[in-house]
Amino acid sequence: MRKFEFRLQNILEYRRMCEEWAKQEYVQAQARLLSGQAELEGIRDRRRVTLESRPDRVDQMIALESFLTRLDDEERAFHAGLSILGQEVESTRTHWLEARQEAEAMQKLRDQAYEAWQVEAAREEQAEMDEYALRRRAA
């Protein structure tokens, strides 16, 4: 009895690798997004702490105002960056899902080929058993 060989095994393995690569890209994009969100939260925390301080002099008030303006600018920049990162996460997620579907399709083809091989192997075995039984009776 011959061993089962899926003739598209190399393609199946390649599709599985592509799926894994796409998954890693997705996870990395998510990590970048979470990192950006954490940095944005850090800016917001600095703003809260700064607003709790009470400047005594006019030059301190001016410095506080310019610092808060800079924090606002940073926050707007981070929002723009987070928007881009969010789009990147979504595109990498879509790419990963497509790669997963392709790998699953190849796996289904392999499973179908294996089932067909099992049916054929069972037929061959039954034919051998029938031939053996006929030879025994003839003898």
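Shown above is the structure to which this text applies.
Here's what I pulled together on the structure shown here.

What counts and how
Residues numbered from 1 in each chain as written. Predicted model: local features only at pLDDT ≥ 70, side-chain atom pairs only at ≥ 80, totals over all residues. Heavy atoms only, no water. Axes fitted to C-alpha atoms, helices over the stretch in contact; angles between N-to-C directions. Helix = DSSP H or I, 4+ residues; strand = E, 2+ residues; numbered from the N terminus. Parallel < 35°, antiparallel > 145°, perpendicular 65-115°, else oblique. Left-handed = near helix turned anticlockwise from the far one by under 90°. Nonpolar A, V, L, I, M, F, W, Y, C, P; charged D, E, K, R; others polar. Buried < 20%, exposed > 50% of the residue type's maximum accessible area, 1.4 Å probe, protein only. Polar contact = N/O pair within 3.5 Å; in protein donor to acceptor, adjacent residues only side chain to side chain. Contact = heavy atoms within 4.5 Å. Salt bridge = Lys/Arg side-chain N within 4 Å of Asp/Glu carboxyl O.

Across the interface, helix H1 (residues 9-52) lies against helix H2 (residues 58-138) with an axial gap of 7 Å and an inter-helix angle of 165 degrees. Taken together, the axis directions place H1 and H2 in an arrangement best described as roughly antiparallel. Of the two possible hands of crossing, H1 and H2 adopt the one that is left-handed. In terms of residue class, the contact of H1 with H2 is built from 22 nonpolar, 10 polar and 18 charged.

A few words now on the side chain of Thr-92. Along the chain, Thr-92 turns up in helix H2. Overall, Thr-92 belongs to the buried group, its relative accessible area being 10%. Within polar-contact distance, the side chain of Thr-92 engages the backbone oxygen of Val-89 at 2.9 Å. Non-local contacts of Thr-92, meaning those with residues more than four positions away in its chain, are made with Ala-22, Glu-25, Tyr-26 and Ala-29.

Bringing the pattern of salt bridges into the picture now. Evaluation of the coordinates by the stated rule reveals 15 salt bridges. Put simply, Glu-74 and Arg-46 hold a salt bridge, and the shortest N to O gap is 3.0 Å. One end of the pair, Glu-74, is in helix H2; the other, Arg-46, is in helix H1, with 28 residues separating them in the sequence. Assessed through its relative accessible area of 36%, Arg-46 is described here as partly exposed. When the shortest N-O distance is used, the salt bridge between Asp-72 and Arg-47 registers 2.8 Å. Of this pair, Asp-72 sits in helix H2 while Arg-47 sits in helix H1, and the two are 25 residues apart along the sequence. The class for Arg-47 is partly exposed, based on a relative accessible area of 24%. Here the salt bridges do not stand alone but share partners, grouping Glu-41, Arg-44, Asp-45, Arg-48 and Glu-75 into one network.

A few words on the side chain of Glu-75. Here Glu-75 shows up in helix H2. Looking at Glu-75, the relative accessible area reads 15%, which means it is buried. In this view, Glu-75 contacts Leu-40, Ile-43 and Arg-44; residues no more than four positions away in its chain are not counted.

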